[in-house]
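Structural overview
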Amino acid sequence: MQCPRCGARNSKQAERCHACGMPLVQTGGRVVPVQVHHNRSRLADRQMRPQGGAYSAVPLYERRQPWYQKALIFIVAVAVIVGVIFGVYSAFQAFQNDKVSQAAYDAEHVKQTVKVTFDVPEYKAGSSSVIPIRVLGTDIDGNAVDELHLMTLADNTVELMPGTYSFVPAGSPVTAAGITYAVPAAVNVSATSSGVTVGSTEGATVSLSYSAIQPIDATDDQIAAIKQWMTEASLEDATIQKYVDAITNARTTAQEEEAEASGSIVETDYFTFTIPSLWRDEVSTKTTKNNGLPTVTVYLDGYSSLELMTVTCVKDSGESDEEDNVDHIAGTVQGTGYRVEVWTTNWAYYASLMAQGSVDPIVSTSVLEDLVRLSSGGSLTYDDVSEMSKSAIGTPDIEFVSDNVLPTLKATGAVDSSSSSSSDDEDYVTTTTTTTTTTKRSN
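Notes on the structure follow. (Residues numbered from 1 in each chain as written. Predicted model: local features only at pLDDT ≥ 70, side-chain atom pairs only at ≥ 80, totals over all residues. Heavy atoms only, no water.)

1. Side note on a nonpolar patch on the surface
- Together, Leu 72, Val 76, Val 80, Val 84 and Val 88 make up an exposed nonpolar region whose accessible area comes to about 460 Å².
- Tracing the backbone shows Leu 72 in helix H1 (residues 67-108). (Patch = residues over 30% accessible without salt bridge, like charges linked within 9 Å, V, L, I, M, F, W, Y side chains within 5 Å. Areas by Shrake-Rupley, 256 points an atom, 1.4 Å probe, with all protein chains shown as cover. Salt bridge = Lys/Arg side-chain N within 4 Å of Asp/Glu carboxyl O. Helix = DSSP H or I, 4+ residues; strand = E, 2+ residues; numbered from the N terminus.)

2. Some details on the packing of helix H4 (residues 347-356) against helix H5 (residues 365-376)
- It is the contact of H4 with H5, at a shortest axis distance of 8 Å, that shows an interaxial angle of 140°. Our classification of the angle between H4 and H5 gives oblique. Classified by chirality, the crossing of H5 by H4 is left-handed. Counted together, Trp 347, Ala 348, Tyr 350, Ala 351 and Met 354 of H4 and Leu 368, Leu 371, Val 372 and Ser 375 of H5 form the full contact between these two elements. (Axes fitted to C-alpha atoms, helices over the stretch in contact; angles between N-to-C directions. Parallel < 35°, antiparallel > 145°, perpendicular 65-115°, else oblique. Left-handed = near helix turned anticlockwise from the far one by under 90°. Contact = heavy atoms within 4.5 Å.)

3. Remarks on the pairing of strand E12 (residues 187-191)
- Only one face of E12 is buried: it carries Val 187, Val 189 and Ala 191, and the other face, with Asn 188 and Ser 190, is open.
- In this sheet, E12 lies alongside strand E10 (residues 163-169) in antiparallel orientation, the contact comprising five bridges. Residue pairing in the sheet places Ser 166 in a bridge with Asn 188 of E12.
- Two elements, E12 and strand E13 (residues 196-198), share three bridges in a ladder whose sense is antiparallel. Bridge pairing in E13 links Ala 191 to Val 196.
- With antiparallel pairing between neighbouring strands as the criterion, E12 and E13 make up a hairpin whose turn holds four residues. (Buried < 20%, exposed > 50% of the residue type's maximum accessible area, 1.4 Å probe, protein only. Pairing = 2+ DSSP bridges.)

Read these as spatial facts, not as claims about activity.
Here it is as structure tokens:
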């Protein structure tokens, strides 16, 4: 019989085609293909044969997969299973490792509390300023640390990660009485997860000792430095000004008290003034009167003819009379009916002329050095003036120490009785200050 699929001829007894393997069955003298039913788990060829007027499925052929295909499927399945197991295991191990790493990190990064104790004489909590401490260093992770801490005697701790640091006093605190301080040196601190070492000593306490500076000794540079750290710390402007005023007011009061105690206050019936602090112990004074009005001359100690400054009281006509032997008028203080004039001798100008050979020396070089130094407040020396003269710079312009001398004009005795409306029990009148600079030069 002939295969209906490939056309090959087969014997009548053949159950399948010898060429293509097609199952064969004869029905009514002709060959028909056997119906093949497919099962998802297994392929089976079945012949539909009549049986009792109906057809029944008769298995004729089962197609088998080659062994190597089954092996390949098995291997792939095993690999997938192993991969899934390995992935789950790896994820679990990573989770466990993360837990261990986090625990180790937490153990190494335990913060330590460092306490700062202060020895600050006359510092009073509540009325004094905060104490600025800057913490500089590097933490355990290599991060740079720069923190400004504002502390008091009670609020005095810092939390630090393990690392190496320096505790640097960032400026002077200020008391309500205007006392400032010389700040101590920085202190090195080493922190670990188990404790703190301060300097070379184990312990978590940094001790800082401050030396008090009385208001009279406070300098303008120190006051400027205090304003700077307070501004950096974002203190309110009113707070900063309060402490600056405390220093300057206390300093002024202390200077006045010192001047009075040292006898550097000069007093006449008409006015008082204070000898500049730079001149103390190096000058003397003498008082003369002209028409009953006093004139005080300040001269180099031991040289009564070498005047540094003259303070004189004159009737207030609205004009000042210059004298030929006085080169500079520093200023006047106006009062009712009278005024006080402050005159300064320009010894730098004379030194310049002497260096040029324009005038004959009237004093020795060493004495002239003292006169130039005192009149200029130390801003010039005789050598400075000589060099300027030789290089044709000319007479140096200087700020005279006496420019800051402001006498106080008294009401008693200094007010013309015909124009005075002051009562007898009034000791002083309000004065206004007028400062002029009039320099005369001789040809």
